[in-house]
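# A closer look at the structure
Spelled out from the first residue to the last, the chains are:
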Amino acid sequence: MTEAEKEVESMIGFFIALISGALMSVQGVFNTQVTKSSSIWTASAFVQLSALAVCLGAWVCTDRSNLLEVFRVEPKYMLLGGAIGAFITYTVIKSMDMLGPARAVMLIVVAQLAVAYVIELFGWFGVEKQPWEWRKAIGMAVAVAGIVIFKWK
C-alpha cells in the first residue's frame, strides 16, 4: 500500500469514527426515550433484536458468508461481544437518563479512551502492544480536565 493510499484510508477511518460517535450519541438518546414507554431491559432487548435484523439484512444483501464461521474464533471469550453490547446499551441508557446526553457521552468517551489505551499498553485481547507515551497520557489528562470544566457550575 502506497503512502497516498494509507493517507486516504486514514481519512476514511477518521470520518467513519466521527459518524460512529454521532450515531452512538443519537442512539443513546433514542434508547433513553424508549425506556420511558417500556422498561430498560425491554428497550435493550428491542435494540439488540433490531440490530440483529439489520445485520442479517445486510448479510443477505452483501457477503452471505457462512454464519457459523464466527464459532471458529479463538479464544472463545471473544464471542462475548454481543453480551457486552447488551450491558453497553443498559449503561448508556442509565447514564443518559441520570446525567443527560452531554455529560454521559463525555464520561463514556473518556472511559473508552482510557480502557483502549490500557488494552494497547498491555497488548490484551490480541491487540499489538504499544509503548507508553507521555503525550497520550497528557491527552487523557486534558480530556479529564475538559469534563471537570464542562461540569463546573
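Note that residues are indexed from 1 along each chain, following the sequence as it is written. A pLDDT threshold of at least 70 governs which residues receive local features in this predicted model, and a stricter bar of 80 or more applies before side-chain atom pairs are shown or counted, although totals over entire chains, interfaces and linings include all residues. Hydrogens and water molecules were not included; the side-chain quantities draw on all heavy atoms of the structure.

### Observations concerning the packing of helix α2 (residues 40-61) against helix α3 (residues 81-99)
Where helices are involved, their axes are fitted lines through C-alpha atoms of the stretch in contact, as for all axes, and angles between N-to-C directions lie from 0 to 180°. Put simply, DSSP marks the helices as runs of H or I at least four residues long and the strands as runs of E at least two long, and each gets a number from the N terminus on. Between α2 and α3, the least distance of the axes is 10 Å, while the angle of their chain directions is 130 degrees. Taken together, the axes of α2 and α3 lie oblique to each other. By crossing handedness, the relation of α2 to α3 is classed as right-handed. Facing Ile40, Trp41, Ser44, Val47 and Gln48 of α2, the residues of α3 in contact are Gly85, Ala86, Phe87, Thr89, Tyr90, Ile93 and Lys94. Class assignment for the residues of the contact of α2 with α3 results in seven nonpolar, four polar and one charged. Our angle categories are set so that under 35 degrees counts as roughly parallel, over 145 as roughly antiparallel, 65 to 115 as roughly perpendicular, and the remainder as oblique. Handedness of a crossing is defined here by the sense of rotation of the near helix relative to the far one, left-handed for an anticlockwise turn of less than a right angle and right-handed for a clockwise turn. Here, two residues are considered to be in contact whenever any of their heavy atoms come within 4.5 Å of each other. Only Asp, Glu, Lys and Arg are considered charged, only Ala, Val, Leu, Ile, Met, Phe, Trp, Tyr, Cys and Pro nonpolar, and every remaining residue, Gly among them, polar.

### Some points on α2
Helix span, as expected, comes to 1.5 Å for every residue beyond the first. Across its 22 residues, α2 extends 32 Å between first and last C-alpha, which sits within 8% of the 32 Å expected from 1.5 Å per residue. Where α2 is buried, its residues contact α1 (3-35) and α3.

### Digging into the pattern of salt bridges
What counts as a salt bridge is simple: a side-chain nitrogen of Lys or Arg found within 4 Å of a carboxyl oxygen of Asp or Glu. Evaluated as defined, the whole model comprises five salt bridges. In this structure, Glu74 and Lys76 form a salt bridge, with 3.4 Å as the shortest nitrogen-oxygen distance. One salt bridge in this structure joins Glu133 and Arg135, with 3.0 Å as the shortest N-O distance. The network of salt bridges with common partners includes Glu120, Glu133, Arg135 and Lys136.

### Quick word on the packing of aromatic side chains
Put simply, two rings from Phe, Tyr or Trp (the six-membered ring, in Trp's case) pair if the centres are within 6.5 Å, and we call them stacked under 30 degrees between planes, edge-to-face over 60, tilted for the rest. Per the counting criterion, the structure on display carries eight aromatic pairs. For the ring pair Trp124 and Phe125, a centre distance of 6.3 Å and an interplane angle of 70 degrees mean the geometry is edge-to-face. For each residue, the accessible area found with a 1.4 Å probe, counting protein chains only, is set against the maximum for its type, and the residue is called buried under 20%, exposed over 50%, and partly exposed in between. Trp124 gets classed as partly exposed once you look at its relative accessible area, which sits at 41%. These aromatic residues form a ring-pair network of at least three members: Tyr77, Phe122, Trp124 and Phe125.

### Things to note about the environment of Trp132
Position of Trp132 among the secondary structure elements: in the loop between α4 (101-122) and α5 (134-151). Classification of Trp132 by relative accessible area gives partly exposed; the value is 46%. Note: C-alpha distance between Trp132 and Phe14 (118 residues apart in sequence) is 23 Å. Those residues in contact with Trp132, other than ones at most four positions away along the chain, are Tyr117, Leu121 and Ala137.

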